[in-house]
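Working through the structure, step by step
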Amino acid sequence: MLRRRTLTTIGGAAAALGLVLVTAGGSSAAELAAYRTAPTAALGVARYPIAPGYRVNVRSGPGTKYGIVRTLLADVSVPIYCQIEGETATGPYGTTNLWDNIASDEFVSDAYVHTGSDGYVARRCAP
């Protein structure tokens, strides 16, 4: 089942434009396709692929002590609105303490996102 919500991550700009983000809360092909085509390009936000073959836990904060909000399916790409330092994690792209904010209160370790960089590729999140 698709869940829709208005983006509030970028200071309400998305809401002003009437954009919505479709999140993939289940595992159907339709949900995955909808998630891949979320309107981040209209906001100038780059999307990055999750490591091939990995299902990645999305957490409510920048570390494994935060609850799992959902799990990303293999072979999706995610927008990175901002990045923040948090718990150190190791994944297919190395060991890092950077966490990527992919939606309001949703974070994934940068160790599982192919950004092509070991550093910041987006602005720093407000603490």
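Quick summary incoming for the structure in this document.

Turning next to the overall build of the protein. Across its full length, the protein holds two helices and nine strands. Beginning at the N terminus, the succession of helices and strands in the protein can be written as β-α-β-α-β-β-β-β-β-β-β. Counting all 127 residues of the protein, 43% fall into the buried class. Within the protein, counting contacts between residues at least 6 apart in sequence, those at least 24 apart form 48% of the total.

What follows covers the layout of surface pockets. Volume-wise, the largest pocket comes out at about 170 Å³. If you go around the largest pocket, the residues you meet are Arg-55, Val-56, Asn-57, Arg-59, Thr-64, Ala-89, Thr-90, Trp-99, Val-108, Ser-109 and Tyr-112. Only strand E4 (56-59), strand E7 (82-91) and strand E9 (106-109) provide two or more residues apiece to the lining of the largest pocket. Across the lining of the largest pocket, the residue classes break down as five nonpolar, four polar and two charged.

Let us now look at the side chain of Asp-100. Note that Asp-100 resides in strand E8 (residues 94-103). Arg-124 provides the closest opposite charge to the buried, unpaired Asp-100, separated from it by 12 Å. Within the structure, Asp-100 has its side chain in polar contact with the side chain of Gln-83 (distance 2.7 Å). With residues up to four places along the chain from it excluded, the contact list for Asp-100 reads Ile-80, Cys-82, Gln-83, Glu-106, Phe-107, Val-108, Ser-109, Asp-110 and Val-113.

Ranked by internal contacts, the top residues of the largest apolar core, which has 13 residues, are Ile-50, Leu-72, Val-78, Ile-102, Val-108 and Val-113. Among the nonpolar cores identified, the runner-up in size contains six residues, and Cys-82, Trp-99, Phe-107 and Cys-125 belong to it.

Once that is clear, we can look at the pattern of salt bridges. Applying the stated criterion across every chain yields a total of one salt bridge. In this structure, the salt-bridge partner of Glu-106 is Arg-70, at a minimum N-O distance of 2.6 Å. Of the two residues, Glu-106 sits in strand E9 while Arg-70 sits in strand E5 (residues 68-72), which places them 36 residues apart along the sequence. Each member of the pair, Glu-106 as well as Arg-70, carries the same accessibility label: buried.

Parameters and conventions
- Residues numbered from 1 in each chain as written.
- Predicted model: local features only at pLDDT ≥ 70, side-chain atom pairs only at ≥ 80, totals over all residues.
- Heavy atoms only, no water.
- Helix = DSSP H or I, 4+ residues; strand = E, 2+ residues; numbered from the N terminus.
- Buried < 20%, exposed > 50% of the residue type's maximum accessible area, 1.4 Å probe, protein only.
- Contact = heavy atoms within 4.5 Å.
- 1 Å grid on protein atoms, 1.4 Å probe; cavity = no way out; pocket = protein on both sides within 12 Å on 5 of 7 lines; lining within 4 Å.
- Points joined across faces, edges and corners; volume = space filled by probe spheres on them.
- Nonpolar A, V, L, I, M, F, W, Y, C, P; charged D, E, K, R; others polar.
- Lys, Arg positive; Asp, Glu negative; His and termini not counted.
- Salt bridge = Lys/Arg side-chain N within 4 Å of Asp/Glu carboxyl O.
- Polar contact = N/O pair within 3.5 Å; in protein donor to acceptor, adjacent residues only side chain to side chain.
- Core = buried A, V, L, I, M, F, W, Y, C linked by side-chain atoms within 4.5 Å.

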